[in-house]
Structure formats: C-alpha cells, structure tokens
Amino acid sequence: LKALAARSSLPAAEGLHLDAIRLTVTGEFKAAAEKYQERAALLAPDERAGALLDLGRAQERNEETKKAMATYSEAIRLDGQNAAAWLRLGALQRRTGGREDSDRSLDRAESLFQAASNVEGIAEGLYVRARYARTPAQARELIGKALSAASVTGNDQQQIKFLLLSSNRYLEAGQTAEALDDANRAIAIA
C-alpha cells in the first residue's frame, strides 16, 4: 500500500512492475502480462531476462501456454544461466507432451540450481518430474526426494505442496489410508 501511494514517483519500469504485481494479486493475469510486457520492453537486455520470467508466469496463469514457453525461451536466450526460466520451460514442455525436451530443460535447471546450492530450486524440479511421472512408484520416489530437500530448508509451503501431490498419487492408486496420512501431514504443517 505504501508503494502504491508513491507510484507516481517511481521510474517507469518500476511503476509498471508494481502495477503488474498488483494485477497479479487481484487475479487479473491478462492485464498483469501486458504490464510485464511493457516493463520488459523498457529494460536493457542484461536486465530483461528476469522481467521475462515474470511475464511468462503471468502468461501461464492466464493459460497462454505457448506464449509462456516462447517467453521463457527468450529469457533463456538472454541469460542461459537463468535456472528458473529453464525450470518453468521444462514444466510447460512436460505438460504439453514434450518429454524429451522437458527432460533436457529440467536437467539444465537442476544443474544450475545445484551449482548455486539452491535446494529449493532442486526440490521444485523434482516436483515437476513427480507431477508428470509415468508410474505411481516413480512419482513417490521423486516426491520423497523433494520432501527431503524441502525439510532441509524448512520450506513449509513446499512440504505442503509435495505432501498434497503425494496424497493425490496415493488416492489415484487406491491407497486411501496412505493418501489420508499425507493429507493430514500437510494439514499439520499448514
């Protein structure tokens, strides 16, 4: 609220960023994407990759998958070390059926996250892989690794998300007792 009050005194790119955040919070994803697009156009190429990551997330939330994939690809072209862009691109590739491309993107994201000792990023990559795993056993193995990583960092939000995915996987397999256990663990953390 304080930032919104000072909106008129901000540089143009920062004002657009603030507008886009406000629109995202209120669920106006199409308008948020437009603001992020305007902001990215104002930034120097060395600053644009991060802005494109924000734009891609807004496009994802607005269910513009192809646009988001193109945006993440552009962010990667500008900054090949942008692990989050590789992760988001890999997630969308997996969701749209491009398993081999997704594996390459997720592998790249994981190596960048590992190089940066970013355990939360590694856990997010495991989550994406688990979400689209071919078998329940494979999904549970990946979820177990992701949960271990999230526990190390103490990231409650990730732990809850991973436990809910695990609960859903158990439920899909007809293992209701295990599904209930993981759901209850998620509730306890929440």
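The structure presented is a predicted model; accordingly, all values stated were derived computationally and were not measured. (Residues numbered from 1 in each chain as written. Predicted model: local features only at pLDDT ≥ 70, side-chain atom pairs only at ≥ 80, totals over all residues. Heavy atoms only, no water.)

## A look at the overall build of the protein
Then comes step 1: If you tally the helices and strands in the protein, you get 11 helices and 0 strands.
Then comes step 2: Overall, the C-alpha framework of the protein stretches about 55 × 35 × 30 Å when taken along its three principal axes.
Then comes step 3: For the protein, the exposed surface amounts to about 10,300 Å²; the carbon and sulfur share of it is 51%.
Then comes step 4: When the 26 positive and 26 negative side-chain charges of the protein are each reduced to one mean point, those points stand 2 Å apart. (Helix = DSSP H or I, 4+ residues; strand = E, 2+ residues; numbered from the N terminus. Areas by Shrake-Rupley, 256 points an atom, 1.4 Å probe, with all protein chains shown as cover. Lys, Arg positive; Asp, Glu negative; His and termini not counted. Charge placed at Lys NZ, Arg CZ, Asp CG, Glu CD.)

## Overview of unusual backbone geometry
Then comes step 1: The phi dihedral of E63 falls on the positive side, at around 60°, and the residue is not glycine.
Then comes step 2: Along the chain, E63 turns up in the loop between α4 (45–61) and α5 (65–78).
Then comes step 3: Positive phi is not limited to glycine here, since S117 has a value of about 55°.
Then comes step 4: With respect to the secondary-structure elements, S117 resides in the loop between α7 (99–115) and α8 (119–131).

## What to know about the pattern of salt bridges
Note that side chains of opposite charge can pair when their charged atoms are close.
Then comes step 1: In the structure shown here, the tally under the stated rule is 14 salt bridges.
Then comes step 2: The shortest N-O distance in the salt bridge between E64 and K67 comes to 3.3 Å.
Then comes step 3: Several salt bridges share partner residues, and in doing so they unite R94, D103, D107, E110 and R129 into one network. (Salt bridge = Lys/Arg side-chain N within 4 Å of Asp/Glu carboxyl O.)

## A few points about helix α3 (residues 29–42)
Then comes step 1: Helix length check: α3 (14 residues) gives 20 Å between terminal C-alpha atoms against 20 Å at 1.5 Å per residue, within 8%.
Then comes step 2: For α3, every residue scored as buried is listed here: A32, A33, Y36, R39 and A40. For α3, the angular spread of the buried residues around the axis is 125°, confining them to a single face. Turned more than 90 degrees away from the buried face of α3 sit K30, A41 and L42, all of them exposed. (Expected span 1.5 Å × (residues − 1). Buried < 20%, exposed > 50% of the residue type's maximum accessible area, 1.4 Å probe, protein only. Arc of directions from axis to C-beta.)

## Details of the nonpolar core
Then comes step 1: Counting 49 residues, the largest nonpolar core has Y36, Y72, L87, F113, V128, I143 and F162 as its most contacted members.
Then comes step 2: Here F113 is in contact with A83, A84, L87, N118, G121 and I122, once residues within four sequence places are set aside. (Core = buried A, V, L, I, M, F, W, Y, C linked by side-chain atoms within 4.5 Å. Contact = heavy atoms within 4.5 Å.)

## Considering the environment of A116
Then comes step 1: Here A116 is to be found in the loop between α7 and α8.
Then comes step 2: Relative accessible area serves as the criterion here: at 54%, A116 is assigned to the exposed category.
Then comes step 3: For the pair A116 and G154, spaced 38 residues apart in sequence, the C-alpha separation works out to 18 Å.

## Comments concerning the packing of aromatic side chains
Then comes step 1: Overall, the coordinates contain 1 aromatic pair when judged by the stated rule.
Then comes step 2: Just above the ring of Y127 sits the side chain of K161; from NZ or CZ to the centre is 4.5 Å. (Phe/Tyr/Trp six-rings, centres within 6.5 Å; stacked < 30°, edge-to-face > 60°. Lys NZ or Arg CZ within 6 Å of the ring centre and 35° of its normal.)

## Section: the packing of α4 against helix α6 (residues 83–95)
Then comes step 1: Interaxial distance between α4 and α6 falls to 10 Å at its minimum, and their mutual angle equals 25°. In terms of orientation, α4 lies roughly parallel with respect to α6. Of the two elements, α4 crosses α6, and the hand of that crossing is left-handed. Here α4 contributes L53, R57 and E60 to the contact with α6, which in turn contributes A84, A85, R88, L92 and R95.
Then comes step 2: Tallied by class, residues from the contact of α4 with α6 come to 4 nonpolar, no polar and 4 charged. (Axes fitted to C-alpha atoms, helices over the stretch in contact; angles between N-to-C directions. Parallel < 35°, antiparallel > 145°, perpendicular 65-115°, else oblique. Left-handed = near helix turned anticlockwise from the far one by under 90°. Nonpolar A, V, L, I, M, F, W, Y, C, P; charged D, E, K, R; others polar.)

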